[in-house]
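# Fold and contact review
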Amino acid sequence: MNIGIVCYPTYGGSGVVATELGKALALRGHKVHFITYKQPARLDFFTENTFYHEVYVSSYPLFDFPPYETALTSHLVDVVKFEKLDLLHVHYAIPHASAAVMAKQILAMDGIHIPVITTLHGTDITLVGKDASFEPVVRYSINMSDGVTTVSESLKKDTYDLFDITRQIEVIPNFIDLSRFSKQNREHFKTAIAPNGEKLIVHTSNFRKVKRIDDAVKVFAEIRKKMPAKLLLMGDGPERINIEKLCRELNLCDSITFMGKQNQVEEILSVCDLFLMPSETESFGLAALEAMACELPVISSNAGGIPELNVEGVTGYLCNVGDVATMSEKAIYILEDPARLKQFKQAALARAKEFDINEIVPHYERFYNEVMSASKK
Ligand code: GMT
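### A look at the sheet that holds strand β13 (residues 316-319)
Taken together, 6 strands build an open sheet; the order of strands is β10-β9-β8-β11-β12-β13 and the sheet is parallel. Only two strands of the sheet have a single neighbouring strand rather than two, namely β10 (256-260) and β13. Going from strand to strand, the sheet's axes swing by 20 degrees on average, the running direction of each strand aside. Pairing between strand β8 (residues 199-204) and strand β11 (residues 274-277): 2 bridges, direction parallel. The partner of Val-202 across the bridge, within β11, is Phe-275.

### Brief notes about the site of the ligand
The immediate surroundings of the ligand are formed by 18 residues, with Ser-14, His-121, Lys-211, Glu-282 and Ser-283 found nearest. A distance of 2.6 Å separates an oxygen atom of the ligand from a polar atom in the side chain of Lys-211. At 2.9 Å from an oxygen atom of the ligand is found a main-chain nitrogen or oxygen belonging to Ser-283. Expressed as a share of its isolated accessible area of 490 Å², the protein-covered part of the ligand is 93%. Of the residues forming the shell around the ligand, the biggest block, 3 residues, is contributed by helix α1 (residues 13-27). Taken together, the residues of the shell around the ligand break down into 5 nonpolar, 11 polar and 2 charged. When residues of the shell around the ligand are assigned to domains, at least three fall in each of domain 1 (2-174 + 357-375) and domain 2 (187-353).

### A few points about the nonpolar core
The biggest cluster of nonpolar side chains holds 92 residues, and the ones touching the most others in it are Ile-35, Leu-76, Leu-88, Leu-269 and Phe-275. For this core, the two domains that each supply at least three residues are domain 1 (2-174 + 357-375) and domain 2 (187-353). The contacts of Phe-275, once residues within four sequence positions are left out, are Val-202, His-203, Thr-204, Leu-269, Ala-287, Ala-288, Ala-291, Leu-296, Pro-297, Val-298 and Ile-299. Counting residues in hydrophobic clusters, the runner-up holds 31 residues, among them Phe-220, Leu-231, Ile-243 and Val-324.

### Examining the side chain of Arg-340
Tracing the sequence through the fold places Arg-340 in helix α13 (residues 338-353). Among the polar contacts listed, one links the side chain of Arg-340 to the backbone oxygen of Tyr-333, at a separation of 2.6 Å. Each residue touching Arg-340, except ones within four places of it in the same chain, is listed here: Tyr-333 and Ile-334.

### With respect to the packing of aromatic side chains
Under the criterion given, the structure shown has 8 aromatic pairs. On the numbers, 5.5 Å between centres and 90 degrees between planes, the contact of Tyr-37 with Tyr-68 is edge-to-face. Taken together, the residues Tyr-37 in the loop between β2 (31-36) and β3 (50-54) and Tyr-68 in helix α2 (residues 68-83) connect sequence positions 31 residues apart. Ring centres 5.8 Å apart and planes at 65 degrees place the aromatic pair Tyr-60 and Phe-63 in the edge-to-face group. Grouping aromatic residues by their ring pairs yields a cluster made of Tyr-317, Tyr-333 and Phe-344.

### As for the packing of helix α8 (residues 213-226) against helix α9 (residues 240-249)
Remark: α8 packs on α9, axes separated minimally by 10 Å, with the N-to-C direction vectors making an angle of 20 degrees. One way to sum up the angle between α8 and α9 is to call them roughly parallel. Seen along the crossing, α8 lies across α9 with a hand that is right-handed. In this structure, α8 uses Ile-213, Asp-214 and Val-217 to contact α9, whose residues at the interface are Ile-243, Leu-246 and Cys-247.

### Side note on the domain arrangement of the protein chain
Per the domain assignment, the segments of the protein chain are domain 1 (2-174 + 357-375) and domain 2 (187-353). In this assembly, 16 residues from domain 1 lie in contact with 13 residues from domain 2. Buried area between domain 1 and domain 2, both sides added, is near 1,100 Å², and the carbon and sulfur share of it is 59%. Together, Tyr-11, Ser-154 and Asn-174 form the three largest contributors to the area buried by domain 1 at its contact with domain 2, with a combined 41%. Here domain 1 and domain 2 share 1 salt bridge between them. Across the pair Arg-42 and Glu-290 runs a salt bridge, and its minimum N-O distance is 3.1 Å. Our enumeration of links across domain 1 and domain 2 arrives at 7 residue pairs in polar contact (both at pLDDT 80 or more). Of all the secondary structure elements, the ones that give two or more residues to the side of domain 1 that touches domain 2 are α1 and α6 (153-162). Grouping the amino acids of the side of domain 1 that touches domain 2 by side-chain chemistry returns 7 nonpolar, 7 polar and 2 charged.

### Observations concerning the environment of Phe-134
Positionally, Phe-134 belongs in the loop between α4 (123-126) and α5 (135-144). Overall, Phe-134 belongs to the partly exposed group, its relative accessible area being 32%. Spatially, the C-alpha atoms of Phe-134 and Asp-124 are 9.5 Å apart, while their sequence positions differ by 10 residues. Those residues in contact with Phe-134 that sit more than four places away from it in its chain are Ile-94, Val-128 and Gly-129.

### Observations regarding the state of the cysteines
Chemically, a disulfide is nothing more than a covalent bond linking the sulfur atoms of two cysteines. One pass over the structure, following the stated rule, counts 0 disulfides. Cys-294 provides the cysteine sulfur closest to Cys-272, a residue in no disulfide bond, and the two sulfurs are 9.2 Å apart. By relative accessible area, Cys-272 is classed as buried at 0%. Cys-319 forms no disulfide, and the closest cysteine sulfur to it belongs to Cys-272, at a distance of 19 Å.

About the thresholds
Residues numbered from 1 in each chain as written. Predicted model: local features only at pLDDT ≥ 70, side-chain atom pairs only at ≥ 80, totals over all residues. Heavy atoms only, no water. Pairing = 2+ DSSP bridges. Helix = DSSP H or I, 4+ residues; strand = E, 2+ residues; numbered from the N terminus. Axes fitted to C-alpha atoms, helices over the stretch in contact; angles between N-to-C directions. Near = heavy atom within 4 Å. Polar contact = N/O pair within 3.5 Å; in protein donor to acceptor, adjacent residues only side chain to side chain. Areas by Shrake-Rupley, 256 points an atom, 1.4 Å probe, with all protein chains shown as cover. Nonpolar A, V, L, I, M, F, W, Y, C, P; charged D, E, K, R; others polar. Domains from an automatic or database assignment. Core = buried A, V, L, I, M, F, W, Y, C linked by side-chain atoms within 4.5 Å. Buried < 20%, exposed > 50% of the residue type's maximum accessible area, 1.4 Å probe, protein only. Contact = heavy atoms within 4.5 Å. Phe/Tyr/Trp six-rings, centres within 6.5 Å; stacked < 30°, edge-to-face > 60°. Parallel < 35°, antiparallel > 145°, perpendicular 65-115°, else oblique. Left-handed = near helix turned anticlockwise from the far one by under 90°. Buried area = accessible area lost by both parts, 1.4 Å probe. Salt bridge = Lys/Arg side-chain N within 4 Å of Asp/Glu carboxyl O. Disulfide = S-S within 2.5 Å.

Below you can see the structure in the form of structure tokens.
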């Protein structure tokens, strides 16, 4: 197949999933064209099957807001036409689904039929998409897509609950490349950051309010009362300044390291003992899956799709959003007994293996074929 993939090129989960999917499809013999405004962060290798088309938005003094959606739509029309694409797969509804639907309608005027598949990732539905300023366009572009997927059952339900959706939604969960995300021996690194055998707790995110990183810091403060421990915070974003302030107030600066955006996340996860994901909402929790693949138990909230990944009492614990006391209690319970910690680590890895990229990508291929056949009729 000759597939166009549209996504955010950043470190965010939807861009990561889209890029890893494209890379896997290229390795399976498909031609994959990434169409976006910057080379995707995870597009770290090229094959003869991988192509990258950069979208330029021309500037003009009149434009207070560069019209990216219009530039993307025009670029999609061009790439579909001249690269003879079979399918457009867009990740994150805003503005990718509406741009693709518009491109499809423009191409139809030239007698070119291009099926559009939209994958919804979470905040495009639960946070941003449902806002009145976007809702009609999001609803229209979901209903006008030829195929729609969500990354969890929970997000599928949210989509039906929040929007008037007239089409079927397929759930295809997120996946993990276990050849990259697996526990690596980085003892020298562990000794450097935890020289006295401190337990290493980790959180990674885009540092937005929805991630409730303050809860992660408060849980860590409770853990530290019971055992020597350090907290690694990976990622960056608007909340960082507030979290830095909280660390100072709690007098925890010596025990917490802000690592910023990292490319080799798996190396850092490999030396850690426990992952924290206290999110307010989370459609799937890809960051938790990456941690589990590196043998980390997860203390998380029970929001959204997280319970479809983290298994209560087996791979970690699920607590109510904001219930720092229970999160702390469960974290200490896992960490205080080495045999128990080992058991949770093994269970986390076993669970991660159920989301092996080699098992999940064929679901996308099957769905592509179904959508292409149905849209020809
Ligand atoms: O986590 C984020 O805020 C980034 C966001 C994105 O769209 O890039 O992540 C969403 O998509 C990921 C990949 O499907 C999911 O694993 C995340 O759970 C989801 N985030 C939220 O729902 C908050």
